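Fold and geometry: a report
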Amino acid sequence: MKSRVISLLLALIVALLPILPCNADEIPAMSTGYVSRGSTRVAFQYPAGCEIVDEGSIGTLLYLTESDYISLMIPKGKMSGTAAVHDYIGDFSEITELSETMNVFAVHGDENHRMSYLDVVEIGVNLLDGTGLIVCAYCPYGHTEVYDLLIKVLSSITDTTVLEDWLNNEWIPMVTKQ
């Protein structure tokens with residue numbers, strides 16, 4: 001009986017949602033996406049207008065535009081996100097520890113020998129449940145629009161205060177300097 005009442009209430013709420021007042025400019029439509037590796041799965045929220053591509057264990061790509069996008073990946077072998085960044089990058093001196101659970105590696109387009117004219121920000125995150133996560137933002141040299149998407153997605157998973165501070169006070173001023 002309880003489950004019928006709850007189901008009825010949920011159906012009523014869903015039916016009433018379209019008539020509730022809402023300013024589309026103030027509340028952007030969000031969708032839910034997933035990144036997974038094996039049985040490990042992490043849900044995240046993203047703006048509904050973005051294209052999402054699930055590449056399986058390789059990760060999930062989320063496009064703001066064709067050239068501005070982020071990728072999310074769960075590292076192999078239950079590795080933490082922060083350890084995975086160190087493992088992938090190798091040079092610890094170029095990795096900034098933002099907190100015990102988040103670090104960042106970034107390369108500006110003119111210093112990026114593998115992908116010239118592309119800015120890359122790679123974040124290693126250790127989630128509370130022990131899952132490691134790597135989130136990367138890619139954009140053409142000096143573009144900054146993708147970082148809003150990065151923050152929206154990551155803030156649906158974890159606290160992004162230290163990342164926002166780093167982006168706004170260090171990275172974005174550096175990449176937009178003429």
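The coordinates are above.
Please read these numbers as outputs of a predicted model, since none were measured by experiment.

What counts as what
- Residues numbered from 1 in each chain as written.
- Predicted model: local features only at pLDDT ≥ 70, side-chain atom pairs only at ≥ 80, totals over all residues.
- Heavy atoms only, no water.
- Buried < 20%, exposed > 50% of the residue type's maximum accessible area, 1.4 Å probe, protein only.
- Helix = DSSP H or I, 4+ residues; strand = E, 2+ residues; numbered from the N terminus.
- Arc of directions from axis to C-beta.
- Contact = heavy atoms within 4.5 Å.
- Pairing = 2+ DSSP bridges.
- 1 Å grid on protein atoms, 1.4 Å probe; cavity = no way out; pocket = protein on both sides within 12 Å on 5 of 7 lines; lining within 4 Å.
- Points joined across faces, edges and corners; volume = space filled by probe spheres on them.
- Nonpolar A, V, L, I, M, F, W, Y, C, P; charged D, E, K, R; others polar.
- Core = buried A, V, L, I, M, F, W, Y, C linked by side-chain atoms within 4.5 Å.
- Axes fitted to C-alpha atoms, helices over the stretch in contact; angles between N-to-C directions.
- Polar contact = N/O pair within 3.5 Å; in protein donor to acceptor, adjacent residues only side chain to side chain.

Points about helix α2 (residues 81–89)
- Within α2, burial applies to Gly81, Thr82, Ala84 and Val85. In a view along the axis of α2, the buried residues occupy a sector of 160°, so they form one face of it.
- Summarising the contacts, the buried residues of α2 are in contact with β6 (95–99), β7 (102–107), β8 (118–126) and β9 (132–140).
- Positive backbone phi, approximately 90°, marks Gly90, located one or two places after α2.

Observations regarding the pairing of strand β5 (residues 69–73)
- Counting buried positions over the five residues of β5 gives five, a clear majority of the element.
- Both faces of β5 are covered, namely the face carrying Tyr69, Ser71 and Met73 and the face carrying Ile70 and Leu72.
- Where strand β4 (residues 60–63) lies against β5, four bridges are found, and the strand directions are antiparallel. Following the sheet pairing, Leu61 is matched in β5 by Ser71.

What to know about the pairing of β7
- Of all the six residues making up β7, five are buried; the element is thus mostly covered by neighbouring parts of the structure.
- Hairpin geometry of β6 and β7 is characterised by an intervening segment of two residues between the two adjacent antiparallel strands.
- Summarising the sheet, β7 and β8 pair through six bridges and their orientation is antiparallel. Each residue of the ladder has a partner; that of Phe105, found in β8, is Glu122.

Quick notes on the layout of surface pockets
- Each pocket or cavity is described by its volume, and for the second largest pocket that value is around 280 Å³.
- Taken together, 14 residues line the second largest pocket, and the ones lying closest to its centre are Ile58, Ser71, Met73, Cys136 and Tyr138.
- Listing elements by their share of the lining of the second largest pocket, those giving two or more residues are β4, β5 and β9.
- With four residues, β5 is the single largest residue contributor to the lining of the second largest pocket.
- The class makeup of the residues in the lining of the second largest pocket is nine nonpolar, three polar and two charged.

What to know about the nonpolar core
- Membership of the largest hydrophobic core comes to 32 residues, with the highest contact counts inside it found for Ile70, Ile123, Tyr147, Leu150 and Leu163.
- Tallying contributions element by element places helix α3 (residues 146–155) first for this core, with seven residues.
- Residues in contact with Leu150, not counting those within four places in the same chain, are Ile70, Ile123, Val135, Ala137, Leu163 and Leu167.
- Of all hydrophobic cores here, the second largest spans 13 residues; its members include Met73, Ala84, Leu118 and Tyr138.

A closer look at the sheet that holds β4
- One open sheet accounts for seven strands, arranged β3-β4-β5-β9-β8-β7-β6; its pairing is antiparallel. The sheet terminates laterally at β3 (51–54) and β6, the two strands that pair on one side only. Averaged over all neighbouring strand pairs, the angle between strand axes comes to 20°, with direction disregarded.
- Contacting β4, β5, β8 and β9, α3 crosses the sheet at an angle of about 165° to β9.

Structural notes on the side chain of Asn103
- With respect to the secondary-structure elements, Asn103 resides in strand β7.
- Within the structure, Asn103 has its side chain in polar contact with the backbone oxygen of Thr82 (distance 3.2 Å).
- Setting aside residues up to four positions removed in sequence, Asn103 forms contacts with Thr82, Val85, His86, Ile95, Thr96, Glu97, Leu98, Glu122, Ile123 and Gly124.

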